[in-house]
Amino acid sequence: MSTLSSRENWSRRAALLRPSGDNFIDGRYVAAQAHGRFDSINPSNGQLLAQVARSQESDVDLAVNRSLQAWRDRRWRGLAPRQRMDVLMRWADLVEQNTEELALLETLDMGKPINDVLGIDLPEVTRTLRYFAECIDKMEGSVTSTAPGALHLVLHEPLGVVGAITPWNYPLLMAVWKLAPILAAGNCVVLKPAEQAPLSCTRLAALFMEAGGPAGVFNLVNGLGPEAGRALALHPDVVKLSFTGSTTVGKLLLTYAGQSNMKRVALETGGKSPQVFLPDLYDLDAAVDRAIGGIFDNAGQVCNAGSRLLVHRDIHDAFVARFTSRAPQLYRPGDPLDPATTLGPLVSQAHRLKVQRCIERGIAEGARAVVMGEALSGHLEQGAFLAPTLFVDADNRMSIAQDEIFGPVATVIPFTNDDEAIALANDSIYGLAASVWTRDLNRSHRFVRDLEAGVVWVNCFGDGDMTQPFGGYKQSGNSRDKHMMSLMSYTQTKSAWMATT
Ligand code: NAP
């Protein structure tokens with residue numbers, strides 16, 4: 001829990017931080033063997049935050065070997081389920097006890113407003129750890145119905161050494177959505193966090209040890225995707241790769257699996273989620289507020305961001321007017337260490353330029369951009385801030401409606417009937433999430449059935465808890481995080497057929 005309540009307090013606390021960007025292998029921090037490093041930059045002011053290990057193939061090999069040793073000597077899977085459960089529970093407690101440090105690392109490294117980390121990311125991290133801890137001794141195999149003379153057991157066993165590669169938009173949470181079920185199932189794991197925001201995960205690895213996790217069970221290698229990430233994905237001793245990131249890299253990982261050991265590849269990838277607003281919705285103002293949050297939370301750097309707003313023609317003008325007047329009130333850019341800030345910078349200047357290019361392309365294709373922002377002054381002028389943008393006069397074939405922009409940019413597209421809305425919603429290579437806003441139960445059921453998405457929200461957006469399987473249809477992925485099914489996906493079944501007399 002944190003008692004810090006002002007920007008000044010957080011800044012003072014931040015000045016005391018000495019984050020490690022080393023690897024964490026076999027229970028201790030280690031530099032990359034060739035001593036390569038890269039800079040981790042605070043995107044809100046461009047200042048150097050830490051130097052991070054630039055791991056190569058040999059570092060990844062070391063981490064995988066140590067995990068393989070831990071797997072073979074059964075130091076983790078050989079523990080009683082309750083003992084593993086205790087470790088994960090203590091790990092969750094330690095996350096809470098180190099809230100201020102972890103929140104600061106997240107905010108300074110990727111620019112997320114401190115109150116979002118405290119109110120959203122960290123509580124979700126501890127819920128995830130506790131949920132999967134609680135599942136450990138609830139996993140059961142089965143005895144099937146056989147003829148006399150046989151006893152047949154179906155057992156669920158862990159896989160071995162699992163590799164995890166994660167993105168920067170929710171650095172801790174996306175990692176924990178992998179780590180918790182992987183470890184709960186009894187596997188060992190090597191994590192490669194994103195280069196833009198690796199510091200909180202690096203600290204999390206040390207906290208696993210403090211919680212009583214055996215050395216070598218959870219190793220972490222920092223580095224760049226095409227170097228450390230690629231080496232992990234190609235490693236012959238990694239039996240499964242669990243990935244969250246872009247669709248482009250996800251496709252590459254499938255080829256690496258084919259080139260190496262045919263490892264299983266679980267992909268949670270990109271999205272371009274439609275929100276469908278029907279004219280009979282309950283409350284336009286409330287729905288628009290949720291639409292604004294659905295695209296501007298985390299500065300739009302959210303895989304399921306509701307970036308395509310499909311709005312019935314009867315309410316289109318009122319929707320746009322409300323959206324453009326409310327958004328600047330709800331999302332104010334500022335120093336992410338200020339608890340009043342609701343809109344932080346994008347993760348880097350390079351990403352800001354990429355998003356800007358997408359906006360320019362939308363304008364060139366004929367859509368009209370409504371920019372809703374204020375100029376920033378002082379030290380924040382060096383930050384990767386970008387004003388929120390709403391595109392109108394657009395159609396679904398434009399790049400702004402098809403490409404994942406991953407920034408604070410939404411596109412409004414009008415429609416006239418339900419068939420057209422469903423066709424537009426499904427006209428995408430992605431299928432991560434979707435929503436429909438209506439007071440008609442029958443209509444909402446039809447949308448739930450016909451929308452091609454792994455998650456469909458009705459009269460809400462982004463809601464859920466640990467019982468919700470989270471993952472996509474189509475090119476949004478082939479797997480699910482959260483829920484018991486995620487835990488089971490890190491196991492394999494063994495059939496034990498016993499002849500009896
Ligand atoms: P990204 O560029 O695909 O990177 C993701 C991870 O893959 C990073 O750790 C990256 O390392 C690594 N990587 C890059 N190239 C690689 C290679 N050749 N081999 C192995 N690993 C490689 O994605 P991002 O920009 O970090 O994250 C944004 C994307 O994540 C968006 O598309 C978003 O929709 C998606 N996402 C999906 C979900 C979901 O649940 N479906 C959740 C969150 C985010 P570097 O950091 O060094 O590049």
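The rules behind the values
Residue numbers here run from 1 along each chain, matching the order of that chain's written sequence. Reporting of local features is limited, given that this is a predicted model, to residues whose pLDDT is at least 70; pairs of side-chain atoms are given and counted only at 80 or more, and all residues count toward the totals for whole chains, interfaces and linings. Values shown for side chains rest on all heavy atoms present in the structure; no hydrogens or waters enter the calculation. Being paired, for any two strands, means DSSP has found at least two bridges between them. Helix and strand assignments follow DSSP, with helices taken as H or I runs no shorter than four residues and strands as E runs no shorter than two, numbered in order from the N terminus. To estimate how far a helix should extend, the number of its residues minus one is multiplied by 1.5 Å. Bend is computed residue by residue as the angle between axes fitted to the seven residues ending at the residue and the seven residues starting at it. When a residue's accessible area, from a 1.4 Å probe over protein chains only, is under 20% of the maximum for its type it is buried; when over 50% it is exposed; and in between it is partly exposed. The criterion used for residue contact is that any of the two residues' heavy atoms lie within 4.5 Å. Start and end positions for the domains come from either an automated domain assignment or a database one. Summed over both partners, the accessible surface that disappears when two parts come together, traced with a 1.4 Å probe, is what is meant by buried area. Any Lys or Arg side-chain nitrogen located within 4 Å of an Asp or Glu carboxyl oxygen qualifies as a salt bridge. Polar contact is defined as a pair of N or O atoms within 3.5 Å, subject to the rule that within protein one atom must be able to donate a hydrogen and the other to accept it, and that residues adjacent in sequence are counted only when both atoms are side-chain atoms.

Side note on the sheet that holds strand β6 (residues 150-158)
Right, on to step 1. Spatial ordering of the open sheet is given by β5-β6-β21, a layout of three strands whose pairing is antiparallel. Of all strands in the sheet, those with a lone pairing partner are β5 (142-143) and β21 (491-499), marking the two edges.
Right, on to step 2. Bridge count between β6 and β21: nine bridges; the pairing is antiparallel. Looking across to β21, one finds that Ala150 is bridged to Ala499.

Side note on helix α11 (residues 313-330)
Right, on to step 1. A rise of 1.5 Å per residue sets the reference length of α11, with its 18 residues, at 26 Å; its end C-alpha atoms lie 25 Å apart and thus fit the reference within 8%.
Right, on to step 2. Of all the bends in α11, the greatest, near 25°, is centred on Phe319.
Right, on to step 3. Turning to α11, its buried residues are Ile315, His316, Phe319, Val320, Phe323 and Ala327.
Right, on to step 4. Of the surrounding secondary structure, the elements contacted by the buried residues of α11 are β12 (274-277), α10 (284-296), β13 (308-312), β15 (389-392) and β16 (409-415).

Remarks on the environment of Ile114
Right, on to step 1. Here Ile114 is to be found in helix α5 (residues 114-135).
Right, on to step 2. Spatially, the C-alpha atom of Ile114 lies 7.0 Å from that of Asp338, the residues being 224 residues apart in sequence.
Right, on to step 3. Beyond its immediate chain neighbours, meaning those up to four positions away, Ile114 contacts Trp10, Ala103, Leu104, Thr107, Pro336, Leu337, Asp338 and Pro339.

Examining the domain arrangement of the protein chain
Right, on to step 1. As assigned here, the protein chain comprises domain 1 (7-269 + 478-495) and domain 2 (274-465).
Right, on to step 2. The distance between the C-alpha centroids of domain 1 and domain 2 comes to 30 Å.
Right, on to step 3. Domain 1 puts 25 residues into the contact, and the matching count from domain 2 is 29 residues.
Right, on to step 4. Here domain 1 meets domain 2 over a buried area of about 2,200 Å², counting both sides, of which 60% is carbon and sulfur.
Right, on to step 5. Among the residues domain 1 hides against domain 2, the three largest losses belong to Arg7, Ser44 and Trp168. Together they make up 25% of the total.
Right, on to step 6. Scanning the region where domain 1 abuts domain 2 turns up one salt bridge.
Right, on to step 7. Where domain 1 touches domain 2, the interface holds eight residue pairs in polar contact (both at pLDDT 80 or more).
Right, on to step 8. Listing elements by their share of the side of domain 1 that touches domain 2, those giving two or more residues are α1 (7-15), α4 (99-110) and α5.

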